[in-house]
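One-letter residues, chain by chain:
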There are 2 protein chains.
Amino acid sequence: MALTGQHFIAGLWTGVPAEDFQAWDPRADAPLPTYFADGSEAEVAVAASAAADAFVAYRRLSNAQRAEFLEAIADEIEALGEALLIRAEQETALPAARLQGERGRTCGQLRAFAGWLREPLHPVLKDAALPDRQPLPRPDLRLGQVPLGPVAVFGASNFPLAFSVAGGDTASALAAGCPVIVKGHPAHPGTSELVASAIARAIARCDLPDGVFSLIQGRSPALSVALVQHPAIAAVGFTGSGAVGQALAREAGNRPQPIPFYGELGAVNPQVILPGLLARQPETLAQLQVGSMMMGQGQFCTSPGLVLLPDSDGADRYLATLTEALADQAEGVMLTPGIARAYRSGADQLASQPGVSLLARGSNGGHANGAVPLIYQVSAADAQNNPALFEEVFGPCVLVITGAQGEPLNQLVASMPGQLTCTVHGDESEFGHHADLLDALAYTAGRLIANQMPTGVEVCASQNHGGPWPASTAPQTTSVGAEAIQRFLRPLAYQNWPLSQLPENLV
Amino acid sequence: MALTGQHFIAGLWTGVPAEDFQAWDPRADAPLPTYFADGSEAEVAVAASAAADAFVAYRRLSNAQRAEFLEAIADEIEALGEALLIRAEQETALPAARLQGERGRTCGQLRAFAGWLREPLHPVLKDAALPDRQPLPRPDLRLGQVPLGPVAVFGASNFPLAFSVAGGDTASALAAGCPVIVKGHPAHPGTSELVASAIARAIARCDLPDGVFSLIQGRSPALSVALVQHPAIAAVGFTGSGAVGQALAREAGNRPQPIPFYGELGAVNPQVILPGLLARQPETLAQLQVGSMMMGQGQFCTSPGLVLLPDSDGADRYLATLTEALADQAEGVMLTPGIARAYRSGADQLASQPGVSLLARGSNGGHANGAVPLIYQVSAADAQNNPALFEEVFGPCVLVITGAQGEPLNQLVASMPGQLTCTVHGDESEFGHHADLLDALAYTAGRLIANQMPTGVEVCASQNHGGPWPASTAPQTTSVGAEAIQRFLRPLAYQNWPLSQLPENLV
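Residues numbered from 1 in each chain as written. Chains lettered and ligands numbered in written order. Predicted model: local features only at pLDDT ≥ 70, side-chain atom pairs only at ≥ 80, totals over all residues.

K.L.:
Whenever I open this one, the overall build of chain A confuses me. Can you help?
P.N.:
Secondary structure summary: chain A contains 16 helices and 21 strands in total. Taken against the 2.2 N^0.38 rule, which gives 23 Å for 507 residues, the C-alpha radius of gyration of chain A at 24 Å falls within 12% of a compact globule. Judged by the C-alpha coordinates and their principal axes, chain A covers about 70 × 70 × 40 Å. Burial statistics for chain A: of 507 residues in total, 60% are counted as buried. A sequence separation of at least 24 residues applies to 77% of the contacts in chain A between residues at least 6 apart. (Helix = DSSP H or I, 4+ residues; strand = E, 2+ residues; numbered from the N terminus. Rg over C-alpha atoms; globule rule 2.2 N^0.38 Å. Buried ≥ 20, exposed ≤ 12 C-beta atoms within 10 Å, placed from the backbone. Contact = placed C-beta atoms within 7 Å.)

K.L.:
Would you take a moment to explain the sheet that holds strand β13 (residues 306–309) of chain A for this structure?
P.N.:
Taken together, 10 strands build an open sheet; the order of strands is β15(A)-β17(A)-β18(A)-β13(A)-β12(A)-β19(A)-β20(A)-β21(B)-β6(B)-β5(B) and the sheet is mixed. What marks the edges here is a single partner per strand, and that holds for β15 (357–361) of chain A together with β5 (126–127) of chain B. In terms of strand pairing, strand β6 (residues 141–147) of chain B meets strand β21 (residues 489–495) of chain B through seven bridges, oriented antiparallel. Among the inter-strand pairings, proline 147 of chain B is bridged to a residue of β21 of chain B, identified as leucine 489 of chain B. Contacts from helix α12 (residues 337–351) of chain A reach β15, β17 (374–379) and β18 (397–402) of chain A, with the element oriented near 15° to β18 of chain A. (Pairing = 2+ DSSP bridges. Axes fitted to C-alpha atoms, helices over the stretch in contact; angles between N-to-C directions.)

K.L.:
Mind showing me how you'd approach the packing of helix α2 (residues 63–79) of chain A against helix α6 (residues 189–206) of chain A here?
P.N.:
A pair of packed helices is characterised by two quantities: the angle between their axes and the separation of those axes. Residues and elements named next belong to chain A. Running from N to C, α2 and α6 point in directions that differ by 135°, and their axes come no closer than 8 Å. Here α2 lies oblique to α6, going by the angle between them. Here α2 and α6 pass one another in a crossing that is right-handed. Across the interface between the two elements, Glu68, Phe69, Ala72, Ile73, Glu76 and Ile77 of α2 pack against Val195, Ala198, Ile199, Arg201, Ala202, Arg205 and Cys206 of α6. Looking at side-chain class alone, the contact of α2 with α6 contains nine nonpolar, no polar and four charged residues. (Parallel < 35°, antiparallel > 145°, perpendicular 65-115°, else oblique. Left-handed = near helix turned anticlockwise from the far one by under 90°. Nonpolar A, V, L, I, M, F, W, Y, C, P; charged D, E, K, R; others polar.)

K.L.:
In this structure, what is going on with the confidence of the model for chain A? I would like to understand it.
P.N.:
Caution applies to low-pLDDT regions: their predicted coordinates should not be interpreted in detail. When pLDDT is averaged across chain A, the result is 97; 100% of the residues are at 70 or more. As scored by the predictor, the complex reaches a pTM of 0.97 and an ipTM of 0.97. (pLDDT = per-residue confidence, 0-100.)

K.L.:
Any chance you could explain the pairing of strand β11 (residues 261–264) of chain B here in plain terms?
P.N.:
The two faces of a sheet get side chains in turn, since along a regular strand they alternate between them. All names here are of chain B. The alternating pattern of β11 places Phe261 and Gly263 and Tyr262 and Glu264 on opposite faces, both of which are buried. Note that strand β10 (residues 235–239) and β11 share four bridges and pair parallel. Its bridge partner being in β11, threonine 239 is matched across the sheet by glutamate 264. Between the parallel elements β10 and β11, the chain passes through helix α8 (residues 242–253) in a crossover that is right-handed. (Right-handed = clockwise from strand over helix to strand, strands pointing away.)

K.L.:
Can you walk me through the nonpolar core in this structure?
P.N.:
Note on soluble globular proteins: their nonpolar side chains tend to be buried together. Counting residues in each nonpolar core, the largest one holds 341 residues, and the members touching the most others are Val236 of chain A together with Val236 of chain B. In this structure valine 236 of chain B touches Val151, Ala152, Val228, Leu248, Ala252, Ile259, Phe261 and Tyr262 of chain B, once residues within four positions along its chain are discounted. (Core = buried A, V, L, I, M, F, W, Y, C linked by C-beta atoms within 7 Å.)

K.L.:
Sorry, what's going on with unusual backbone geometry here?
P.N.:
Note: most residues except glycine have negative phi, and most peptide bonds are trans. A cis amide bond, omega 10°, links tryptophan 469 of chain A with the succeeding residue proline 470 of chain A. Structurally, proline 470 of chain A is set in the loop between β20 (445–450) and β21 (489–495). Positive phi is not limited to glycine here, since alanine 93 of chain A has a value of about 65°. Structurally, alanine 93 of chain A is set in the loop between α3 (82–92) and α4 (96–118). The backbone of glutamine 297 of chain B sits at a positive phi, close to 55°, despite the residue not being glycine. Here glutamine 297 of chain B is to be found in the loop between α10 (282–293) and β13 (306–309).

K.L.:
Help me understand the relation of the copies chain B and chain A, please; the structure alone is not making it clear to me.
P.N.:
Copies of the same chain, two in number, are related to each other by a rotation about an axis and a translation along it. Between chain B and chain A, which share one sequence, the superposing operator has a rotation angle of 180° and an axial displacement of 0.0 Å; the RMSD is 0.0 Å. The operation mapping one copy onto its partner corresponds to a two-fold rotation axis. Interface overlap between copies: 100% of the residues of chain B at the interface are likewise at the interface in chain A, consistent with a symmetric, same-surface contact. (Least-squares fit on C-alpha atoms with pLDDT ≥ 70 in both.)

K.L.:
Is there a simple way to explain the sheet that holds strand β6 (residues 141–147) of chain A in this structure?
P.N.:
Strands belonging to one sheet form pairs held by backbone hydrogen bonds; the direction of such a pair is parallel or antiparallel. Spatial ordering of the open sheet is given by β5(A)-β6(A)-β21(A)-β20(B)-β19(B)-β12(B)-β13(B)-β18(B)-β17(B)-β15(B), a layout of 10 strands whose pairing is mixed. Pairing within the sheet leaves two strands with one partner each, and these edge strands are β5 (126–127) of chain A together with β15 (357–361) of chain B. The pairing of strand β17 (residues 374–379) of chain B with strand β18 (residues 397–402) of chain B spans six bridges and is classified as parallel. By the bridge assignment for β18 of chain B, isoleucine 375 of chain B is matched with valine 398 of chain B. Sheet contacts for helix α11 (residues 315–327) of chain B: β13, β15, β17 and β18 of chain B; angle to β15 of chain B, the most-contacted strand, approximately 55°.

K.L.:
I keep staring at the interface of chain B and chain A and nothing clicks. Help me out?
P.N.:
It is common to give the size of an interface as the accessible area that goes away when the parts come together. Contacts between the two partners involve 58 residues from chain B, matched on the other side by 58 residues from chain A. When contributions to the side of chain B that touches chain A are tallied by element, the ones reaching two or more residues are β5, β6, α8, α15 (428–431), α16 (435–442), β20 (445–450) and β21 of chain B. Here the residues of the side of chain B that touches chain A are counted per class, giving 29 nonpolar, 17 polar and 12 charged. When β21 of chain A meets β20 of chain B, the two strands line up parallel, connected through three bridges. Bridge pairing links alanine 493 of chain A to arginine 447 of chain B in β20 of chain B.

K.L.:
I tried to follow the environment of proline 120 of chain B on my own but got confused; where do I start?
P.N.:
Residue and element names in this part refer to chain B. Examined against the element boundaries, proline 120 turns out to sit in the loop between α4 (96–118) and β5. On the basis of neighbour count, proline 120 is assigned to the partly exposed category, with 13 C-beta atoms found within 10 Å. In the structure, proline 120 is positioned 116 residues away from threonine 4 in sequence and 39 Å away in space, judged by C-alpha atoms.

K.L.:
What is the right way to read helix α1 (residues 41–58) of chain A from this model?
P.N.:
One turn of the α-helix equals 3.6 residues, which is why residues spaced by three or four share an orientation. Over its 18 residues, α1 of chain A runs 25 Å from end to end, which matches the ideal 26 Å to within 8%, given 1.5 Å per residue. For α1 of chain A, the complete set of buried residues consists of Glu43, Val44, Ala47, Ala48, Ala50, Ala51, Ala54, Phe55 and Tyr58 of chain A. (Expected span 1.5 Å × (residues − 1).)

K.L.:
Sorry, what's going on with the environment of proline 304 of chain A here?
P.N.:
All names here are of chain A. Structurally, proline 304 can be placed in the loop between α10 (282–293) and β13. You can call proline 304 buried: it has 25 C-beta atoms within 10 Å. Put simply, proline 304 and glutamine 217 are 87 residues apart on the chain and 32 Å apart in space, counted from C-alpha to C-alpha.

Following this line, the structure appears as structure tokens:
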């Protein structure tokens, strides 16, 4: 399957590959052969204008027609076969088995949105006319929803399939009735092109307007800003780093016509350990922690980067097991050289904080793009009033705060920024004695977990992937699960319309 | 019922009335006796800190307890009796009968939110655990909702009860579990104080924490900005002018921690008239237009300020009836001297646009704060590419665009900014021939109406009061109807919790 290196804009493969933009193989630490086009503002304008045109037709499709389109995309992605997985592995250093699972998840979520379109989960709100009501009659009112318009999607480097070109944001925006323009992540342009080619075939199969989907490849922040600022763009879906997400969110809010920016950013995903369970299962808890932090070399937005450990029976055994288990972990190759560098400087930054000491480390393989697993520790007393300790180090780096119980624990939780997830490990009986703690954690997290690790975000109707700012730039919304569609819809009340003129689902 | 002129902050009447801040009686064009305190940043800080404290207890109340509180507020507002209506009439020049209706609506909406708390309209999404699923088990997930935190509310001058201290934003925020801080509108501080005293009694009756509600009186933009910027404020509800709402929305978005800003702003609420109905009922349509535009002296956010009239049978009779009917309308006194001045300058601005001419006017009473009803007209050709014609003139001023049919009509609709409402007046049979027009209007409006005037926003489950920007700063939300509660909630997924620890509604 030869790559063109081009953009896919409104039905055409277009653009001249740049001389200096190749994908990088992080394991070989060498470029991959194809050269890719580097998008410009002019290409954004063409894609956005085509998306605006396509919106007029696409928004009128029935739910069933949109469901068929999503299913066609899933089918076409599967039809890419091994070529997709091979390319993704080259570009990300993620193992084949993981990518196979991620492909299953990507196609599964496209089909899940198709299912939620066919069988909506929420009732339609209707109020019948009351023509004889005094002092005034009540009109017939029915609450529909309409799509917002063309959506810009920025995928993440760490999920080259599930949070990228045909990932959750694209699936939910298309489900809602919004055309999509993806700015391809420069870390996996070949994977992006292959998935775009699958979407192109699905568009042709379903006979949809060309502008319903475009992929613009590129690297420059200016390209991202141009896409967010284009007047035809009605909303943005973003998964990635806090710094970039927050900067683009401000661009979206400061447009002449502000638009919603749905950014799912990072988090340290605190693990609070209660003394009862700790006394009974210190080794098991430590093993779970190491297993979870090593998933994808810690390159999950839900990676458990912070442990709050009480000074109580089992704490020493927990720390000892953590140390032993981490020593068995080998350095892994990170997604990109830049991420590997950022990991090292982030870990150094953490190590330099007052009171922080190294507890455990994995083995060092000396790879240019490697990341040695690291666990640091600090006392609850030293952790108070130091927000730097809550900053995510993207990769297999964890901070254990010891002495985290009672008032110091409550204060730490109160000072924590918003999180995608918070987990509490404890016996059911001791949950009842920690009502204030659980309440405080609930108001910090987008997902509150008992006795399970946060890695792995189940795609199901009741999922929430988001959380209080800065975990998400739009805490009222989720980027995973059935409610993700809602981000790209707005309410529209229909008053006094004859049945013949109402949308099908309102009749 | 003597007024204190003070703020009500976290259970205490506090603050020293300013020497130059009185309410103004627009009919007498003279100040009303009481002097009012002018809030400071320090008072914002006290109220916000108390709200943050109260949030911890208030958010744990059951839906039933919050419903009782809302009902207690409604009871206490009614218990204020005539004194409330008399004061509101003095401060706004709105007639007693209208204010009586508005009080009914205000109490009705508090009780409606109580009802929606007791019987939620949406099912709870749950996914049961699948422990044996391959390759990975599925955890038990349930999607709850939690309140965002303390909410700042800015009421409007034109609904001193229904969109003010205990108006829709306050009712929906309290229903969601959020404490509220109201910045009292300086046009009706006495009315605000009376309603705050009713809320104070409801708080005492329900034994709630003091910080759950505060009213800060004041006039300065700096006070509003300080409230929006306070770190303890988690969201803002605003009803008012586009300029102020958009400025405060940017303040909310540019905070170190951005927060949602729900601003319901103005609109011109276009009336599109189709030729079939126009030929049959030109006089009726014109009478409806004049009746609706004169409601509350045109001081409704849903006032019909724009008519799109085709050149066809009945157009002349429509215009003749409009002219005659308006001549019978007397100048009315506006809510404030400032609004009366803005009306005159806005109407002058409209009159000065190329091709605009005066079609009709009501009688001039010569009142200092009066507004003479005005209808201007312009041709569709002159209206193309002139966005100034779509700017709201708050008051009884209407622009009729003649020759609005076919392609010129479609172009005008496409160029229109977002609207709270759009109405189409036509026969059912001709709706079918205007599918593109109806579709375009749907994507311009928050409420799409057939053959009814837009004034009067029914409070019922399926209402939407909002619309594409700039009608609303958050088009995905509504400020009226059951879904208004959603603005102040966010999703929280509960994973793998024992039933004993789950919120009641998730079990």
